[in-house]
Amino acid sequence: MSLLYRDVQREPFAEASHFREDFYGCLTARRDELFELADALLCADGPVTSPVELTLVPEHRRGHGALYDALSRGRLDAGRLRRTLAALPQPKAADDRLVLAVDVSNWLRPDAECSADRLFCHTYGRGRDQHLMIPGWPYSFVAALESGRTSWCQLLDAVRLGPEDDVAEITAIQVRRVVEDLVTGGRWREGEPDVLVVFDAGYDAPRMAHLLDGLPVEILGRMRSDRVMRRPTPTQLEYANAYPQGGRPPKHGKEFRFARPETWGEPDAATVQITDRYGTAKAMAWDRLHPRLTTRSAWIDHDGELPIIEGTLIRLEVDRLPGGGDPLPLWLWSSATAMSAGDVDLRWQAFLRRFDLEHTFRMIKQTLGWTRPKLRTPEAADRWTWLIIVAHTQLRLVRPLAEDVRRPWERPVKPNRLTPARVRRGFRNLRPTLPCPARVPKPTRPGPGRPLGSKNQRPATRYDVGKTVRRPDTIIERDRIRT
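So, here's what we can say about the structure. All of these numbers come straight from a predicted model, not from anything done at the bench.

### Some words on the overall build of the chain
- Of the regular secondary structure elements, the chain holds 13 helices and 14 strands.
- Since a compact globule built from 483 residues should have a radius of gyration of about 23 Å, the 25 Å found for the chain is in line with a globular shape.
- Along the longest, intermediate and shortest principal axes, the C-alpha atoms of the chain span 95 × 60 × 50 Å.
- Per-residue burial over the chain gives 47% buried out of 483 residues.
- Partitioning the contacts of the chain with sequence separation of at least 6, the portion at a separation of at least 24 is 69%.
- Here the chain has roughly 25700 Å² of accessible surface; of this, 50% comes from carbon and sulfur atoms.
- Looking at the chain, you have 76 positive and 64 negative side-chain charges, and the mean spots of the two groups are 6 Å apart.

So this is what it looks like as structure tokens:
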């Protein structure tokens, strides 16, 4: 990493130049080819449809054999690259806090029988009311979000989920590592607002808050509309007044059923906002609500008394959706308590910014060609994924320097409103002014290869798809496995 003092605000050109040098330092094997491959991703005309076609880009000075060799046998220090990404200037929300979004995107490989560590990935939108499970590699991404309507974000980490991994535990380790890198890089200091980590409905927000305990973070997650939560535990005086005959004090308060409005009671905070895209947005918040945990499912391995994880429950209701669909109430749970009306508005607005990460997924798949290569090994897929993240990061760093290279039929766009794909069009004009530490290739002769007419005597291994570790369902089964 660069040894410059991180508090000094550098110009965009200097920031991009130092990042390219730091990225080159993270490469430990086949570094010149991997560096030029990242440049070819940014300088290619049009979307990337095949990695081998990148060898025809003038910025790529090596042959196609070097490309395959680098993806198969190259080495990249992922830990150092993560710290480099975390030390860059990060976008912040309206209240000057870091907002991180966590989500999973799938690299589908249904026909790759010789590729290991494939899982069944949930897909939707491939037909009317069709939800399919297709084999592939799921990747968990963490990104820093910007404020306002934008398609930009800063990708900070990517982890491939394996057959033996528990998604919640691996995601918690990933987020903890990213937050610690942000603190080490000087992007969060003592006294600043806690880092807001936004999850979608696929994660259990209270459990993520428990796994990330001890970090300066606030968890904000979407909840299913059929959940049931509990109110705060009543005090001894409240219990004595409600039950004068005595009895064992309860551990949980009364039920709060999302589907039964009669159990809600009066909200602790309520706001009304007029928006352009959603019409009138009404939000209600109830303080100190928690789920009643049981020693089953995700908590089957928990020893001791189950925790009480209190937070703020937010219900958001809007008039319309941008796509014209029927708007349903949105339920959010935050690990913070004692929120004001302004804090409630900031939370649901930050959750809506989480969908900016979906634009990034679409860009890296359709434009940068993240899921285009037919790579066999998951290690090669990890290297290609990091190259995609590096390429996207360079686009964000040179965004203030890029000019709008538009097609004749496209409307002019202000420089500060360029999308990542529009910035990529002009990267070739900026590259000659940026440092290129990759060395000049040496002339070589290709090997003879396999003799003509001979057959492969070492057929590739076939791998099964799916999880390889079964979680216990009951306490008896858990204890039997432990003994």
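Further notes follow.
### Details of helix H4 (residues 78–86)
- Every buried residue belonging to H4 is among Ala78, Leu81, Arg82, Thr84, Leu85 and Ala86, and all of these are buried.
- Those residues of H4 hidden inside the fold are in contact with helix H1 (12–26), strand E2 (75–76), strand E6 (153–160), helix H5 (167–184) and helix H10 (378–397).

### Description of unusual backbone geometry
- Phi at Arg30 takes a positive value of approximately 55°, unusual for a residue other than glycine.
- In this fold, Arg30 is placed in the loop between strand E1 (27–29) and helix H2 (31–43).
- A positive phi angle, close to 60°, is found at Asp96, a residue other than glycine.
- In this structure, Asp96 sits in the loop between H4 and strand E3 (99–108).
- Look at Asp96 and you get partly exposed, because its relative accessible area is 47%.

### As for the side chain of Arg315
- Position of Arg315 among the secondary structure elements: in strand E13 (residues 311–318).
- Overall, Arg315 belongs to the buried group, its relative accessible area being 12%.
- Reaching out from Arg315, the side chain makes a polar contact with the side chain of Glu317 at a distance of 3.1 Å.
- Dropping the residues within four chain positions of it, Arg315 is found in contact with Trp264, Lys282, Ala283, Met284, Trp286, Pro329, Leu330 and Trp331.

### Some thoughts on the pairing of strand E8 (residues 217–223)
- Among the seven residues that make up E8, six are buried, leaving the element largely enclosed by the rest of the structure.
- As paired strands, strand E7 (residues 195–199) and E8 are joined by five bridges and run parallel to one another. By the bridge assignment, Leu196 is partnered in E8 with Glu218.
- Traced from E7 through helix H6 (residues 205–211) to E8, the parallel crossover comes out right-handed.
- Two strands pair when backbone bridges link them, and E8 and strand E14 (residues 330–334) are joined in this way by four bridges, in the antiparallel orientation. Paired with Arg222 across the bridge in E14 is Leu332.

Definitions and limits used
Residues numbered from 1 in each chain as written. Predicted model: local features only at pLDDT ≥ 70, side-chain atom pairs only at ≥ 80, totals over all residues. Heavy atoms only, no water. Helix = DSSP H or I, 4+ residues; strand = E, 2+ residues; numbered from the N terminus. Rg over C-alpha atoms; globule rule 2.2 N^0.38 Å. Buried < 20%, exposed > 50% of the residue type's maximum accessible area, 1.4 Å probe, protein only. Contact = heavy atoms within 4.5 Å. Areas by Shrake-Rupley, 256 points an atom, 1.4 Å probe, with all protein chains shown as cover. Lys, Arg positive; Asp, Glu negative; His and termini not counted. Charge placed at Lys NZ, Arg CZ, Asp CG, Glu CD. Polar contact = N/O pair within 3.5 Å; in protein donor to acceptor, adjacent residues only side chain to side chain. Pairing = 2+ DSSP bridges. Right-handed = clockwise from strand over helix to strand, strands pointing away.

The quantities given are spatial measurements derived from coordinates; they are silent on function.
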